[in-house]
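Structural overview for review
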Amino acid sequence: VPVERTREVVVKEGGFLGFGREVRQETYTVHEERMVKKAQERSGERFVVGGSSLVLVTIPAGTYEVGSGPNEGASDERPKHKVRLSRTYSMGIHPVTQGVYQAVMGTNPAKFSGKSDSASRPVERVSWFDAVAFCNRLSERCGLAPAYRIEGEQASCDFKAPGFRLPTEHEWEVAARAGTGFTYSGSDDLDSV
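The rules behind the values
- Every chain is numbered on its own, with residues counted from 1 as its sequence reads.
- Where local features are concerned, this predicted model is filtered to residues with pLDDT of at least 70; where side-chain atom pairs are given and counted, the filter is 80 or more; whole-chain, interface and lining totals use all residues.
- The basis for every side-chain value is the complete set of non-hydrogen atoms in the structure, without hydrogens or water.
- Put simply, DSSP H or I for four residues or longer makes a helix, DSSP E for two residues or longer makes a strand, and each gets a number counted from the N terminus.
- The buried label goes to any residue with under 20% of its type's maximum accessible area, the exposed label to any with over 50%, and the partly exposed label to all in between, with areas taken from a 1.4 Å probe on protein chains only.
- What makes two residues a contact is simply this: any of their non-hydrogen atoms within 4.5 Å.
- Each accessible area is a Shrake-Rupley estimate made with a 1.4 Å probe; only the visible protein chains count as cover when residues are assessed.
- We call two strands paired when DSSP finds no fewer than two bridges between them.
- The residues that make up patches have over 30% relative accessible area and no salt bridge, and they are joined within 9 Å when like-charged or within 5 Å when they are Val, Leu, Ile, Met, Phe, Trp or Tyr.
- The salt bridge criterion pairs a side-chain nitrogen of Lys or Arg with a carboxyl oxygen of Asp or Glu, the two atoms within 4 Å.
- Any pair of cysteine sulfurs within 2.5 Å is marked as a disulfide.
- Interaxial angles span 0 to 180 degrees and are taken between N-to-C directions of axes, which are lines fitted to C-alpha atoms, for helices over the stretch in contact.
- Oblique is the label for any angle not covered by the other classes, which are roughly parallel (under 35 degrees), roughly antiparallel (over 145) and roughly perpendicular (65 to 115).
- If you view the pair so one helix is near and one far, a crossing is left-handed when the near helix is turned anticlockwise from the far one by less than a right angle, and right-handed when it is turned clockwise.
- In the scheme used here, Gly and all other residues not listed as nonpolar or charged are polar, with Ala, Val, Leu, Ile, Met, Phe, Trp, Tyr, Cys and Pro taken as nonpolar and Asp, Glu, Lys and Arg as charged.

Focus: the overall build of the protein chain
The helix and strand tally for the protein chain stands at four helices and ten strands. Traced from its N-terminal end to its C-terminal end, the protein chain shows the element sequence β-β-β-α-β-β-β-β-β-α-α-β-β-α. Each of the 193 residues in the protein chain was classed as buried or not, and the buried ones make up 35%. Taking as baseline every contact in the protein chain between residues at least 6 positions apart, the subset at least 24 positions apart corresponds to 53%. Approximately 11400 Å² of the protein chain is accessible, and the part contributed by carbon and sulfur atoms is 50%.

Below, the structure written as structure tokens:
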């Protein structure tokens, strides 16, 4: 199955995420809308694999605040501090779906794979090594040099490689915060997220 790849400008249009002229007719959570708003006029990429989309947004290099305040989170998340991300990176705006995982890996390990809408549900029951193998295989399908070198049960990452990889802890937190000061990704109220 060929991979369709496009580079487009991500814009917010009337509460929906638009890709150029195409406007996806699905609503996004409050967190995703904030993430899209922060991504406004930044370039992003969309990969279509087996009919399922993987949408990335570009997050610029810069200095960001991470961690938790005195009465927030777990003790190993404290204190709040600034980190400098030296490279611009792209991050998926959604978890990898079962449809994308199935199209790339040829298998679907998800417990909830028998549902009529399972292709659009997040893939789960995937180990770290499964995720790394997925990144490498997706990279190869897209004509990109893989980021991981896997030898038996050892894996190392070439952060300069153009292929897909898992985010670092700081990259994930910066993306999850989406420029907000919320305690949780999308809200200060855990039940709402």
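Let's talk about the environment of Leu-144
Summarising the element assignment, Leu-144 is placed in the loop between helix 3 (128-141) and strand 9 (148-151). Of the residues examined, Leu-144 reaches a relative accessible area of 17% and is grouped as buried. Distance in space between the C-alpha atoms of Leu-144 and Pro-162 is 6.0 Å, their sequence separation being 18 residues.

Concerning the pairing of strand 8 (residues 89-92)
Across the two faces of strand 8 the burial differs, with Tyr-89 and Met-91 buried and Ser-90 and Gly-92 not buried at all. Across four bridges, the pairing between strand 5 (residues 52-59) and strand 8 is antiparallel. Bridged to Thr-58 within strand 8 is Ser-90.

As for the side chain of Arg-177
By secondary structure assignment, the location of Arg-177 is in helix 4 (residues 169-177). Taking the relative accessible area as the measure of exposure, Arg-177 reaches 16% and is therefore buried. Once residues lying within four places of it in the same chain are set aside, the contact partners of Arg-177 are Glu-65, Val-66, Gly-67 and Phe-182.

Digging into a nonpolar patch on the surface
Nonpolar side chains collect at one region of the surface, where Trp-128, Phe-129 and Ile-150 lie side by side and expose about 290 Å² of accessible area between them. Under the relative-accessibility criterion, Ile-150 is labelled partly exposed at 36%.

Describing the state of the cysteines
Inspection of every chain in the model, using the stated rule, returns zero disulfides. Here Cys-157 stays free of any disulfide, with the sulfur of Cys-135 as its closest cysteine sulfur at 8.6 Å.

Focus: the packing of helix 2 (residues 98-105) against helix 3
Direction vectors running N to C along helix 2 and helix 3 enclose 70 degrees, while the axes themselves pass 9 Å from each other. Looking at the two axes, helix 2 sits roughly perpendicular to helix 3. Between helix 2 and helix 3 lies a crossing whose hand is left-handed. Across the interface between the two elements, Val-100, Tyr-101, Ala-103, Val-104 and Met-105 of helix 2 pack against Asp-130, Ala-133, Phe-134, Arg-137, Leu-138 and Arg-141 of helix 3. A class-by-class count of the residues in the contact of helix 2 with helix 3 yields eight nonpolar, no polar and three charged.

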